[in-house]
Amino acid sequence: MKKIIFPLLIVMACLGTSCQKNQTNSSEESITQKPNIIFIYLDDLGYGDLGVNGAKGVETPHFDALANGGINFTNGYASSATCTPSRYAAFTGQYPWRKNAKILPGSAPMLIDTTQVTLAGMLKESGYNTAIIGKWHLGLGTHDKNWNEHIYPNPNDVGYHHSYIMAATQDRVPTVYIEDGDVVGLDPNDPIEIDYDNNFPGQTSGKENPELTTMKWHHGHNSSIINGIPRIGFMKGGKSAIWSDVDMADHFLGKVKNYITEKSKEDKPFFLTYTMQQPHVPRTPHPRFVGKSTLGPRGDVIAEADWCIGELMKTIREAGIEENTLIVLSSDNGPVLNDGYYDDAVEKLGDHDPNGGLRGGKYSLYDAGTHVPFITYWKGKIQPSTSNALVCQMDLFASLADLVGSKMKSQDSENVLPALLGTSKEGRSSLILEATTRTSYRKGDYVLMPAYEGPKVNTEVNIELGNLNELALFNLKEDPAQTKNIAKENPELVQQLLKEFISKRGKDYKKTSQLELK
Ligand SMILES: [Ca+2]
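Given the structure is predicted, the values throughout are model-derived calculations rather than measurements.

Right, let's get into the sheet that holds strand 18 (residues 438-443). An order of 17-18-19-22 is seen for the four strands of this open sheet, with the pairing classed as antiparallel. Two strands bound the open sheet, and with one partner strand each, they are strand 17 (430-435) and strand 22 (472-475). Taken pair by pair, the neighbouring strands of this sheet meet at an average axis angle of 20°, ignoring direction. When strand 18 meets strand 19 (residues 446-449), the two strands line up antiparallel, connected through three bridges. Each residue of the ladder has a partner; that of Lys 443, found in strand 19, is Tyr 446. Helix 10 (residues 491-505) rests against strand 17, strand 18, strand 19 and strand 22 of the sheet, and its axis sits at about 125° to strand 18.

Attention shifts here to the confidence of the model for the chain. Across the chain, the average pLDDT comes to 94, with 94% of residues at 70 or higher. Helix 1 (residues 2-14) is the least confidently modelled element of the chain, averaging 41 in pLDDT, while strand 14 (residues 374-377) averages 99, the highest of any element. Scored below 50 in pLDDT, residues 1-31 shows eleven contacts in the model against residues more than four places distant or in partner chains.

What follows concerns the nonpolar core. Among the nonpolar cores identified, the biggest contains 141 residues, and Ile 40, Ile 133, Val 256, Leu 272, Ile 327 and Val 391 are the most heavily contacted of them. In terms of residue count, the dominant contributor to this core is helix 7 (residues 297-318) (ten residues). Lining this core are residues from two domains, each supplying at least three of them: domain 1 (34-188 + 240-428) and domain 3 (433-510). Residues in contact with Val 256, not counting those within four places in the same chain, are Ile 133, Leu 272, Tyr 274 and Leu 312. Grouped together as the second largest cluster of nonpolar side chains are six residues, Met 215, Ile 229, Val 281 and Tyr 341 included.

Taking 1.5 Å as the rise per residue, helix 6 (residues 248-263) with 16 residues should run 22 Å; its terminal C-alpha atoms sit 22 Å apart, in good agreement. Along helix 6, the residues classified as buried are Met 248, Ala 249, Phe 252, Leu 253, Lys 255, Val 256, Tyr 259, Ile 260 and Lys 263. The buried side chains of helix 6 occupy one side of the element, clustering within an arc of 160° when seen end-on. As for helix 6, its buried residues are in contact with strand 4 (129-135), strand 5 (162-166), strand 12 (270-275) and helix 7.

Here we come to the sheet that holds strand 15 (residues 385-387). Strand pairs in the sheet, formed through backbone hydrogen bonds, run parallel or antiparallel to each other. Taken in spatial order, the ten strands line up as 7-6-5-4-12-1-13-14-2-15 in an open sheet, and their pairing is mixed. Strand pairing shows two members of the sheet lacking a second neighbour, strand 7 (182-183) and strand 15, which therefore form its edges.

Here the chain is partitioned into domain 1 (34-188 + 240-428), domain 2 (193-236) and domain 3 (433-510). The C-alpha centroid of domain 3 is placed 38 Å from the C-alpha centroid of domain 2.

Let's shift gears to the environment of Gln 116. Here Gln 116 lies in the loop between helix 4 (83-92) and helix 5 (119-125). Assessed through the 18 C-beta atoms surrounding it within 10 Å, Gln 116 is described here as partly exposed. In the structure, Gln 116 is positioned 310 residues away from Glu 426 in sequence and 29 Å away in space, judged by C-alpha atoms. Each residue touching Gln 116, except ones within four places of it in the same chain, is listed here: Thr 92 and Val 158.

The next thing to look at is the packing of helix 3 (residues 61-69) against helix 7. Between two packed helices, the angle of one axis relative to the other and the distance separating the axes together describe the packing. Two numbers describe how helix 3 lies on helix 7: the axes approach to 7 Å, and their chain directions differ by 55°. On the basis of the axis angle, helix 3 is oblique to helix 7. In this structure, helix 3 contributes Pro 61, His 62, Phe 63 and Leu 66 to the contact, and helix 7 contributes Asp 306, Trp 307, Ile 309, Gly 310 and Met 313. Classifying every residue of the contact of helix 3 with helix 7 by side-chain character gives six nonpolar, two polar and one charged.

Thresholds, definitions, all that
Residues numbered from 1 in each chain as written. Predicted model: local features only at pLDDT ≥ 70, side-chain atom pairs only at ≥ 80, totals over all residues. Pairing = 2+ DSSP bridges. Helix = DSSP H or I, 4+ residues; strand = E, 2+ residues; numbered from the N terminus. Axes fitted to C-alpha atoms, helices over the stretch in contact; angles between N-to-C directions. Contact = placed C-beta atoms within 7 Å. pLDDT = per-residue confidence, 0-100. Core = buried A, V, L, I, M, F, W, Y, C linked by C-beta atoms within 7 Å. Buried ≥ 20, exposed ≤ 12 C-beta atoms within 10 Å, placed from the backbone. Domains from an automatic or database assignment. Expected span 1.5 Å × (residues − 1). Arc of directions from axis to C-beta. Parallel < 35°, antiparallel > 145°, perpendicular 65-115°, else oblique. Nonpolar A, V, L, I, M, F, W, Y, C, P; charged D, E, K, R; others polar.

See the structure below:
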């Protein structure tokens, strides 16, 4: 109870003239003390999926409270239009195309090299307790790893003291939690086997046994059936370790709450990466969230995620650390409706626009692929505002290094700390964006999209991929929906941007591969 009354007294004291000075001192102390940092990373949440950004059919009061109490960025970006590359960039500060990062199967080896600098490693080096709880999807171990033994390398070998994760995604096997490199709850007499090419003899699959599924697959997602849900990839054994899909949000949240409560008692600050699974498929809201939106399961899991954020904030307040904790919230790529299961996301969309007026979506080189929700919140330190500064998740490395006084550097991260804290409206001047190996060049209000071969639309997910017959230039400020290619009217600007793009990206930017949904 004391902890609740205490901030009230401070607010009352701040009504006096010394408020500003106190706040400044308090802020300086906060930086000297090094604030806790929480990076909340959603999965496939669109710019328009938040109430504060215009969502309809789902209420997001806790997301909105962060956006309204902190900075809501209108030009915040993931590096890429899919999970693995974006996460790679956010966690290492390096462009994912340098590493040829693509959507990984659940059996993939660790993509990040143990010798690489990482965001978590930099903060660990700077005296932080570091942890990741939630989705990983950056590969684990080696090619020939055994899921029944300690898995090396795991997130703890690339900067985290502690990790409690799922290996890839909710729709990919193995459907188990992994804590510090070991599968949780595994019975050694029922070992896990994983194969992404062939089923195990005698095992059912979504393709051959659709009558056994409780969620129907639309494309892909027809391998092993687990909890009635057909997945990507085949899994055998490990029954005692298999997660409960509807309890996943509560499960990860419980770990998050425990971590915050425990670590807030220590002298060391903490860096927590909370990688939420929503609203990626399969969308499995806990029963108490079913029907919370008018959008079907996709909206219901957004409501569930919103509740989780409310619980996280409650935990922070109860721990008395809200004024010494920087929160960054974003999404790894833009939205998709039908991403492989029949779950009414298309049918119940109504007038909700997950893209928030932007073109494309997940997988797309058009803006909605990478232009995502991006919020920073730090009570008493960040003044509530909206910012149109160009910022990317990849910039967390250099920006947070500046915040905590680290001299470590990564290859492509830029220091946009003043923008993240709201003391400047300037972010980075340019950014290379990526969608399935194809890249575009954002500079100021403009985006240059080179021509790429490939289908105009992926008909399975019904998203325009941004494969254009000829090079295009768009002014995103005047034309956020990218309806008007203004390249012909601006030949000099096009040449200038193309030159800059090629000098940064390299001449082989046209060597691309096609999207494979598997
Ligand atoms: Ca994603």
